[in-house]
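# Residue-level structure breakdown
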2 protein chains.
Amino acid sequence: MAASRARRPERREEPLSRERIVEAAIGLLDESGEGGLTFRALARRLATGPGAIYWHVTGKDELLGAATDAVVTGAMTAATATATAGATPREAVRSLAVGVFDAIDAHPWIGTQLARAPAQSPLLRIFEHLGRQVQALGVPQAAHFTAASALLNYILGVGGQNAANALERRPDTTRAEFLDTVSTSWANLDADEYAFTRSVADQLRDHDDREEFLAGVDLIVAGITALR
Amino acid sequence: MAASRARRPERREEPLSRERIVEAAIGLLDESGEGGLTFRALARRLATGPGAIYWHVTGKDELLGAATDAVVTGAMTAATATATAGATPREAVRSLAVGVFDAIDAHPWIGTQLARAPAQSPLLRIFEHLGRQVQALGVPQAAHFTAASALLNYILGVGGQNAANALERRPDTTRAEFLDTVSTSWANLDADEYAFTRSVADQLRDHDDREEFLAGVDLIVAGITALR
DNA sequence: ACCTGAACACCGTTCAAGT
DNA sequence: ACCTGAACACCGTTCAAGT
């Protein structure tokens, strides 16, 4: 380990670039969350000073945006490939949705970030691809916007919740254990005030987040097709 | 103005309390956004030192949570009153949804905050009330969780977007002007890459956010009733 | 019990100075 | 053109000291 590191050619020789900075930022965000992305930590990882980063990037907001953009773009190109390979609109929507879902699962910080991207370019790309499938579903043109927005907003809502859960969950507990904890806490809520929540506490315990998410997508697709 | 302030009994005499702190925090958040809530600014407004606040509140996270909780609770009690006054389930869902929508419109910062509430108590209250209406819609019990979640996540997604838009929008521009700007920018997107988005750019210009939001709620309710 | 405010350990960002 | 790192103006939070 020490030997291989010693033999490796000098890392610091590679010139700084926007690409390398964004890449390092993503690494930092994945490892230690939004709080872990610091200009000082980033500079340390890139073997330079904090000021150097500002020559390539205007500030932290842009950096966060670029990192989100990079991750979402990667996820989208994979998902749209499946989507265009002769699938039904419903299948294509599911594949797009699952692409975003998995991206947020792998990088929880984008769940929070997607809701505040200023240029919104990654969001717009998702919206575009969802919209094409809405068209393919054959709904009247006047309902296109509503239908595509409903899908996107649902996906963003789940993404935000998943991101929050990932933050709340202790890193050493599995998703199943976490769901179990929530489920029992729901079951112990006040019987009058939370009658409904208590009644679905059991369902929560055995749910697969991903399946549950897709069931919601199907529900909205059903609502969309009802517009025909 | 100056006279009335001079005559007013000494403000600083009122003892500090969790309530007063949360109230002042909401004021700060409303006036200058998430960045405006600072322990120093809060202390100045309460005519005390930053340390005093920590005796009543464990830290900034709890403070943000308590502020969100207070605002959402207020919005919910108003909305549930309408909801229970002999309305159809669909009307009740709309009234609940609009309650959250308007609360986020009035306090954009809760749009971001709702997606990360750790205790999630305000979210759970919304979920409970939506769930009751789902029950009233007469869907099979196995679909209760999915249906209520779909509604909640859609509402949260829109809330997050509205919060982001409120931040992005210059304070001196109206919502209509903002939509107009976005609409023309969509119309100028690449014709191939953003064919769908371009095709709905016109619809965006004349849309009322609230109506559009409710159309999405109706769409999901339609999807839910299709489960019967 | 409750408040004060200086002090600590951080931030993002800037900028003179270097190469 | 690109990098360096000290310095500035902030943060949240703590804590000895006061009442």
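Residues numbered from 1 in each chain as written. Chains lettered and ligands numbered in written order. Predicted model: local features only at pLDDT ≥ 70, side-chain atom pairs only at ≥ 80, totals over all residues. Heavy atoms only, no water.

Under an unreviewed UniProt entry, chain A has the name TetR family transcriptional regulator and belongs to Streptomyces lacrimifluminis.

### Some thoughts on the overall build of chain A
The line we're drawing: A run of DSSP states H or I qualifies as a helix once it reaches four residues; a run of E qualifies as a strand once it reaches two. Both are numbered from the N-terminal end. Only protein chains enter the accessibility calculation, which uses a 1.4 Å probe. A residue is then buried if its area is under 20% of the maximum for its type, exposed if over 50%, and partly exposed in between. Only heavy atoms enter the contact rule, under which two residues are in contact if any of them lie within 4.5 Å. Neither His nor the chain termini are counted; the positive set is Lys and Arg, and the negative set is Asp and Glu. The location of each charge is read from NZ of Lys, CZ of Arg, CG of Asp or CD of Glu.
What chain A contains, in helices and strands, is 13 helices and zero strands. Of the regular secondary structure in chain A, the N- to C-terminal order runs α-α-α-α-α-α-α-α-α-α-α-α-α. Projecting the C-alpha coordinates of chain A onto the three principal axes gives extents of approximately 60 × 45 × 30 Å. Residues classed as buried in chain A amount to 48% of the 228 residues present. Across chain A, the fraction of contacts at a sequence separation of at least 24, relative to all contacts at a separation of at least 6, is 64%. Averaging the positions of the 23 positive and the 29 negative side-chain charges in chain A gives two centres separated by 8 Å.

### Observations concerning the relation of the copies chain A and chain B
What counts, and what does not: What sets the superposition is a least-squares fit of C-alpha atoms, and only residues with pLDDT of at least 70 in both copies go into it.
Aligned on chain B, chain A shows an RMSD of 0.0 Å; the corresponding rotation is 180° and the shift along the axis is 0.0 Å. With respect to symmetry, the two chain copies, as superposed, fit the operation of a two-fold axis. The residues that chain A uses at the interface reappear at the interface of chain B in 100% of cases, marking a shared surface.

### Topic: the packing of aromatic side chains
Given two aromatic rings, one states the distance between the centres and the angle between the planes to describe the pair. How we decide: Stacked, edge-to-face and tilted are the three classes for Phe, Tyr and Trp ring pairs, Trp counted by its six-membered ring, which pair at centre distances within 6.5 Å; planes under 30 degrees apart are stacked, over 60 edge-to-face, the rest tilted.
A full pass over the atoms with the stated rule returns 14 aromatic pairs over all chains. Between Phe145 of chain A and Trp186 of chain B, the ring centres sit 6.4 Å apart and the planes meet at 40°, which makes this aromatic pair tilted. Linking Phe145 of chain A in helix α9 (residues 144-168) with Trp186 of chain B in helix α10 (residues 175-187), this pair reaches from one chain into another. Here Phe145 of chain A matches Trp186 of chain B in class, with each residue buried. Three or more aromatic residues link up through ring pairs in this structure, and these residues are Phe127 and Phe145 of chain A together with Trp186 and Phe196 of chain B.

### Quick notes on unusual backbone geometry
Glycine aside, residues mostly have negative phi angles, and peptide bonds mostly take the trans form. With a phi close to 55°, Ala47 of chain A is a non-glycine residue in the positive phi region. Relative to the helices and strands, Ala47 of chain A is located in the loop between α3 (39-45) and α4 (50-56).

### What about the protein's contact with DNA strand C?
Put simply, the test is: Proximity is defined per residue: if any heavy atom of the residue lies within 4 Å of a molecule or strand, that residue is considered near it. As used in this structure description, the phrase polar contact means that two N or O atoms lie within 3.5 Å; if the pair is within protein, one of them must be able to donate a hydrogen and the other to accept it, and residues adjacent in sequence are counted only when both atoms belong to side chains. Note on residue classes: Ala, Val, Leu, Ile, Met, Phe, Trp, Tyr, Cys and Pro are nonpolar, Asp, Glu, Lys and Arg are charged, and everything else, Gly too, is polar.
Close to DNA strand C lie 17 residues; Arg40 and Lys60 of chain A together with Thr48, Trp55 and His56 of chain B are nearest. The contact in question runs from a phosphate oxygen of DNA strand C to an N or O atom on the backbone of Phe39 of chain A, over 3.1 Å. Taken together, the elements giving at least two residues each to the surface near DNA strand C come down to α3 and α4 of chain A together with α4 (50-56) of chain B. Residue contributions to the surface near DNA strand C peak at five residues, all from α4 of chain B. Tallied by class, the residues present in the surface near DNA strand C amount to seven nonpolar, seven polar and three charged.

### Let's talk about empty space enclosed by the protein
Defined as follows: Note on definitions: the grid is 1 Å and covers protein atoms alone; a cavity is a set of points where a 1.4 Å probe fits but cannot get out; a pocket is an open set with protein on both sides within 12 Å along at least five of seven lines; lining residues have an atom within 4 Å of a point. Grid points are joined across faces, edges and corners, and a volume is the space filled by probe spheres set on the points.
Using the criterion set out here, one finds four cavities of 30 Å³ or more in the structure. Computed from the structure, the largest cavity encloses a volume of approximately 140 Å³. Looking at the largest cavity, it is lined by 14 residues, and the ones nearest its centre are Ala115 and Leu156 of chain A together with Ala115, Leu156 and Gly160 of chain B. Elements represented by at least two residues in the lining of the largest cavity include exactly α7 (109-113) and α9 of chain A together with α7 (109-113) and α9 (144-168) of chain B.

### Focus on helix α2 (residues 18-32) of chain A
Because an α-helix completes one turn every 3.6 residues, residues spaced three or four positions apart along the sequence face the same direction. All names here are of chain A. We apply this condition: An expected span of 1.5 Å times one less than the residue number is assigned to each helix.
For α2, built from 15 residues, the straight-helix expectation of 21 Å at 1.5 Å per residue is met to within 8% by its first-to-last C-alpha distance of 21 Å. Looking at the packing, one finds that the buried side of α2 touches α3, α4, α5 (60-84) and α7. Gly33 sits one or two positions beyond α2 and adopts a positive phi of about 75°.

### Structural notes on the packing of helix α6 (residues 89-106) of chain B against α9 of chain B
Think of two packed helices as two axes; the pair is described by the angle between the axes and how far apart they sit. All names here are of chain B. To keep it simple, the criterion reads: As a rule, the C-alpha atoms of each element are fitted with a line to give its axis, helices using only the stretch in contact, and angles between N-to-C directions run from 0 to 180 degrees. In these notes the angle categories are as follows: under 35 degrees is roughly parallel, over 145 is roughly antiparallel, 65 to 115 is roughly perpendicular, and the rest is oblique. In this scheme the handedness of a crossing depends on how the near helix is turned from the far one: anticlockwise by less than a right angle means left-handed, clockwise means right-handed.
Axis separation between α6 and α9 bottoms out at 10 Å; the angle between their running directions is 25°. With respect to their mutual orientation, α6 and α9 come out roughly parallel. Where α6 crosses over α9, the handedness of that crossing is right-handed. The segment α6 lies against α9, with Val93, Ala97, Val100, Phe101 and Ile104 engaging Leu151, Ile155, Val158, Gly159 and Asn162. When grouped by side-chain class, the residues that make up the contact of α6 with α9 number eight nonpolar, two polar and no charged.

### Topic: the interface of chain A and chain B
Quick note on the threshold: For any pair of parts, buried area is found by adding up, for both, the accessible area (1.4 Å probe) each one loses once the two are put together. Between Lys or Arg on one side and Asp or Glu on the other, a salt bridge is scored when a side-chain nitrogen of the former is within 4 Å of a carboxyl oxygen of the latter.
Opposite the 57 residues of chain A that make contact, chain B presents 57 residues. Taken over both partners, the interface formed by chain A and chain B buries close to 4400 Å², and the fraction arising from carbon and sulfur atoms is 61%. For chain A, the biggest contributors to the area lost against chain B are Phe145, Phe196 and Leu219 of chain A; these three give 17% of the whole. Here chain A is connected to chain B by zero salt bridges.

### Side note on the UniProt feature "DNA-binding region" (unreviewed entry) in chain A
We count it as follows: UniProt positions are given in the numbering used here, feature names are shortened, and annotations may be inferred rather than shown by experiment.
If you check UniProt for "DNA-binding region" (unreviewed entry), the listed places come out as residues 38-57 of chain A in our numbering. Within residues 38-57 of chain A, the helical portion is 70% and the strand portion 0%, while the C-alpha atoms at the span's ends are 14 Å from each other.

### So, the confidence of the model for chain A
Cut-off, in case you're wondering: One number per residue, pLDDT, summarises how confident the predictor is, and it ranges from 0 to 100.
Confidence in the prediction of chain A, expressed as mean pLDDT, is 90, and 93% of residues score 70 or more. Here residues 1-12 of chain A is a poorly scored stretch, pLDDT under 50, and it has zero contacts once near neighbours within four places are set aside; other chains count.

### Notes on the side chain of His144 of chain A
Relative to the helices and strands, His144 of chain A is located in helix α9. Looking at His144 of chain A, its side chain comes within polar contact range of the main-chain oxygen of Val139 of chain A, at 3.2 Å. Not counting residues within four places of it along the chain, the set of residues in contact with His144 of chain A comprises Val134, Gln135 and Val139 of chain A together with Phe196, Val200 and Gln203 of chain B.

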